[in-house]
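Overview (structure and organization)
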Amino acid sequence: MKHLTILYIFLLSFFAVQGQEILQNKMNTSNIKTVLMYAGDDELSLPVWDLGTEKPLTLSFDDLDADVKNYYYRLVHCNADWSPSGLDPYEYLEGFNENQLSDYQSSFNTTVNYTHYRLQIPNDNLRPVKSGNYVIQIYEGSNPDKEIFNKRFMVVERKTEISGLSRNLNQGSYFYNDQELEITVNYFENDFYDISQNLKVQVLKNRNWQESLEFSMPDVIKGNEFIFNNFTKLKFKGGNEFHHFNTKDIYHYLENIKDISYIDNTYHFLLSENTDRTFQEYIYKPDINGLFKTDVSGSDYPESEADYCYVYFTLNMEAPMQQGDIYVWGALTNYEFTDDYKMKYNFEQKAYELRLLLKQGYYNYQYVLMENGKPDFTYIEGNHAQTENLYTVLVYYHDYRGNYDRLIGVHEFASQQY
């Protein structure tokens, strides 16, 4: 009977772990737009807070209902794989984990009205005290079980020095399109227990969690220095530079704007047409690796004075794809593949088309083929080893005493140009 009880408890624990949800960046309502999380005031920065420091993280978003709602927020501590860690809030926070957003302002002099919300972490009500992955959940006070959106961020305790470099992959047919990486992690914490068994290193390409790799065993160990350089595994497709456009000015055609019109009290930006780049030669074009930055001409306050405009995307193709769907993709779509971002084929124009309502600013984007639930980031855009990409290295250590994954290092570096 004792053995059956132990087996029963083991099975319960096993299935509980197996069934843990992975918390994604996710939008659940159409009225919320332009959700950003970043360090300090830099919209392009990685959302990482250094544990114990004073420079905060900033969360901002717009509500197109243009009223004031009782929005609340809470933080969920997560494992390295973004499943909830199971820690109680009092274990990873000082303060209260259910707080109301009180910093908001109405848009000013815009054709599309909205309410802009802003929050900084840490604040007087809440401060993380453990490193690791976090998800902030926004919900209405009347419905705490239904999140409006989730947004990922990280808290780091810097116990490592990390370096990284990229090079062409000199292996036959891969030579022209793959980027191989070498990553060195040097740790300087003395109380780590069996770090080679409790280490996890994640590598992201252009901050895209769907293009990421994870490693646990170093290829070379030299004292406190761990080297990851297995080029058969630590490699990414080079891809291509992002397309870009600029809608900050409603009176002048800036980068890749073909036409601007004003219809039904809203501005409409028609972008220059794009084509399949699969077999085109590589051309270097500076980009911001899939991100965007809000901006508006003649104002220092784009958070509340930038307008919302319709932006029209056009991808010329002689015939529609037979094996999948095409999506506009990047930070402007929250890196999601939902029906809102799926393009429709126009047989008369022989092109895929999509219209998005976006805040004025500078944007990057690409076209992605989705087939059988799997995204192909190079099918339409092409694949080149020369592409400049941004790589993010995250180093986790599983603290067996605290039973959570500590984030002990973060580093970003750009691939080399050839």
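Structural data are supplied above this passage.
The text that follows walks through the structure, step by step, so that each part is easy to find. (Residues numbered from 1 in each chain as written. Predicted model: local features only at pLDDT ≥ 70, side-chain atom pairs only at ≥ 80, totals over all residues. Heavy atoms only, no water.)

Turning our attention to the packing of aromatic side chains. Each aromatic ring pair is characterised by the separation of its centres together with the angle its planes make. A complete count under the given rule lists 28 aromatic pairs for this structure. With 5.6 Å between their ring centres and 85° between their planes, Tyr 365 and Tyr 367 make a pair best called edge-to-face. Across the pair, Tyr 367 and Tyr 365 agree in class, each one buried. Grouped by ring-pair contacts, the aromatic residues Phe 242, Tyr 327, Trp 329, Tyr 335, Phe 337 and Phe 377 constitute a single cluster. Note that Arg 74 overlies the ring of Tyr 139, its terminal NZ or CZ placed 4.3 Å from the centroid. The ring centre of Tyr 310 lies 3.8 Å from the NZ or CZ of Arg 355, which sits over that ring. (Phe/Tyr/Trp six-rings, centres within 6.5 Å; stacked < 30°, edge-to-face > 60°. Buried < 20%, exposed > 50% of the residue type's maximum accessible area, 1.4 Å probe, protein only. Lys NZ or Arg CZ within 6 Å of the ring centre and 35° of its normal.)

Note the cis peptide between Ile 121 and Pro 122, where omega equals 5°. Within the secondary structure, Pro 122 sits in the loop between β9 (115-121) and β10 (126-128). Despite not being glycine, Asp 264 has its phi angle at roughly 50°, a positive value. Considering the arrangement of structural elements, one finds Asp 264 in the loop between β21 (257-263) and β22 (266-271). (Helix = DSSP H or I, 4+ residues; strand = E, 2+ residues; numbered from the N terminus.)

This paragraph deals with the sheet that holds β9. The four strands are arranged β2-β4-β9-β8 in an open sheet whose pairing can be described as antiparallel. Bordering the open sheet on either side are β2 (32-39) and β8 (104-106), each of which pairs with just one other strand. Adjacent strand axes in the sheet meet at a mean angle of 15° when their direction is disregarded. Bridge count between strand β4 (residues 57-63) and β9: seven bridges; the pairing is antiparallel. Within the sheet, the bridge partner assigned to Asp 62 lies in β9 and is His 116. (Pairing = 2+ DSSP bridges. Axes fitted to C-alpha atoms, helices over the stretch in contact; angles between N-to-C directions.)

Our focus in this paragraph is empty space enclosed by the protein. In this approach a probe as big as a water molecule rolls over the atoms, and the regions it shows empty are the leftover space. Inspection of every chain in the model, using the stated rule, returns two cavities of 30 Å³ or more. Along the walls of the largest cavity sit 21 residues, with Met 37, Pro 47, Lys 151, Leu 291 and Tyr 335 positioned nearest its centre. Broken down by secondary-structure element, the contributors of at least two residues to the lining of the largest cavity are β2 and β12 (147-156). Counting residues per element, the lining of the largest cavity draws most heavily on β12, which supplies four residues. Of the residues contributing to the lining of the largest cavity, the split by class is 14 nonpolar, three polar and four charged. (1 Å grid on protein atoms, 1.4 Å probe; cavity = no way out; pocket = protein on both sides within 12 Å on 5 of 7 lines; lining within 4 Å. Points joined across faces, edges and corners; volume = space filled by probe spheres on them. Nonpolar A, V, L, I, M, F, W, Y, C, P; charged D, E, K, R; others polar.)

Looking now at the sheet that holds strand β16 (residues 208-215). Spatially, β16-β15-β31-β32 is the arrangement adopted by the four strands of the open sheet, whose pairing is antiparallel. The sheet is open, and its two edges are formed by β16 and β32 (404-414), each paired on a single side. Sheet twist, expressed as the average angle between the axes of neighbouring strands with direction ignored, equals 25°. The pairing of strand β15 (residues 199-205) with strand β31 (residues 390-399) spans seven bridges and is classified as antiparallel. Looking at β31, one finds that Lys 205 is bridged to Tyr 391.

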